[in-house]
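# Remarks on the overall topology
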Amino acid sequence: MTATASEESLKKFVLAAPNTSLRDPKVCRGPQKVDLYASEYIEVRRLVKPSIYASEIRQRLLLDGVLHPTVLPSSSQVNKLSRNEHVMTRKKISVIPHESTTTEVTDRIDDI
């Protein structure tokens, strides 16, 4: 079955039309990896204030200019990173605040 001239012109029009949506087109991506600098930043934030929420860490990553909004990790990624890579369990996080005022930790904060 052959397409009529009007169908072909309609296809050309649809394909040539610009994307006027406010949202970016959805792209299927694999899991994003958090870079080393952002990982250290998240670890220091958790050491300084163990009760901080992942959403607050995401806001600080943006406001402090550590990451661009397009590569910002989700809240669950921040929590998984703290739990798996930084080995910060709830018990360990509750014990650390006394140690967060040491010179080593304050020097790391100043470096970031």
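Quick summary incoming for the structure in this document. (Residues numbered from 1 in each chain as written. Predicted model: local features only at pLDDT ≥ 70, side-chain atom pairs only at ≥ 80, totals over all residues. Heavy atoms only, no water.)

## A word on helix α2 (residues 36-48)
Residues three or four positions apart in an α-helix share a direction because the helix packs 3.6 residues into each turn. With 13 residues, α2 extends 18 Å from end C-alpha to end C-alpha; this agrees with the ideal 18 Å at 1.5 Å per step. Within α2, the full set of buried residues consists of Ala38, Ser39, Tyr41, Ile42, Val44, Arg46 and Leu47. Lining the buried residues of α2 we find α3 (54-63), α4 (75-85) and α6 (103-111). (Helix = DSSP H or I, 4+ residues; strand = E, 2+ residues; numbered from the N terminus. Expected span 1.5 Å × (residues − 1). Buried < 20%, exposed > 50% of the residue type's maximum accessible area, 1.4 Å probe, protein only. Contact = heavy atoms within 4.5 Å.)

## Points about the pattern of salt bridges
Scanning the entire structure with this criterion turns up three salt bridges. As a salt-bridge pair, Asp64 and Arg45 come within 3.4 Å of each other at their nearest N and O atoms. Of this pair, Asp64 sits in the loop between α3 and α4 while Arg45 sits in helix α2, and the two are 19 residues apart along the sequence. For Arg45, a relative accessible area of 28% corresponds to the partly exposed category. (Salt bridge = Lys/Arg side-chain N within 4 Å of Asp/Glu carboxyl O.)

## Topic: the nonpolar core
A general feature of soluble globular proteins is that nonpolar side chains tend to end up buried together. Ranked by size, the top nonpolar core spans twelve residues in total: Ala38, Tyr41, Ile42, Ile52, Ala54, Ile57, Leu61, Val66, Leu67, Leu72, Val78 and Leu81. Within the residue set of this core, elements represented by two or more residues are α2, α3 and α4. (Core = buried A, V, L, I, M, F, W, Y, C linked by side-chain atoms within 4.5 Å.)

## What about the environment of Leu62?
Assignment of secondary structure puts Leu62 in helix α3. Here Leu62 falls in the partly exposed class, since its relative accessible area comes to 34%. With ten residues separating them along the chain, Leu62 and Leu72 place their C-alpha atoms 7.8 Å apart. The contact partners of Leu62, leaving out residues within four places of it in the chain, are Leu67, His68, Pro69 and Leu72.

## Points about the side chain of Arg46
Note that Arg46 resides in helix α2. Setting aside residues no more than four positions away along its own chain, Arg46 makes contact with Ile52, Ala54, Ile57, Val78, Asn79, Ser82 and Met88.

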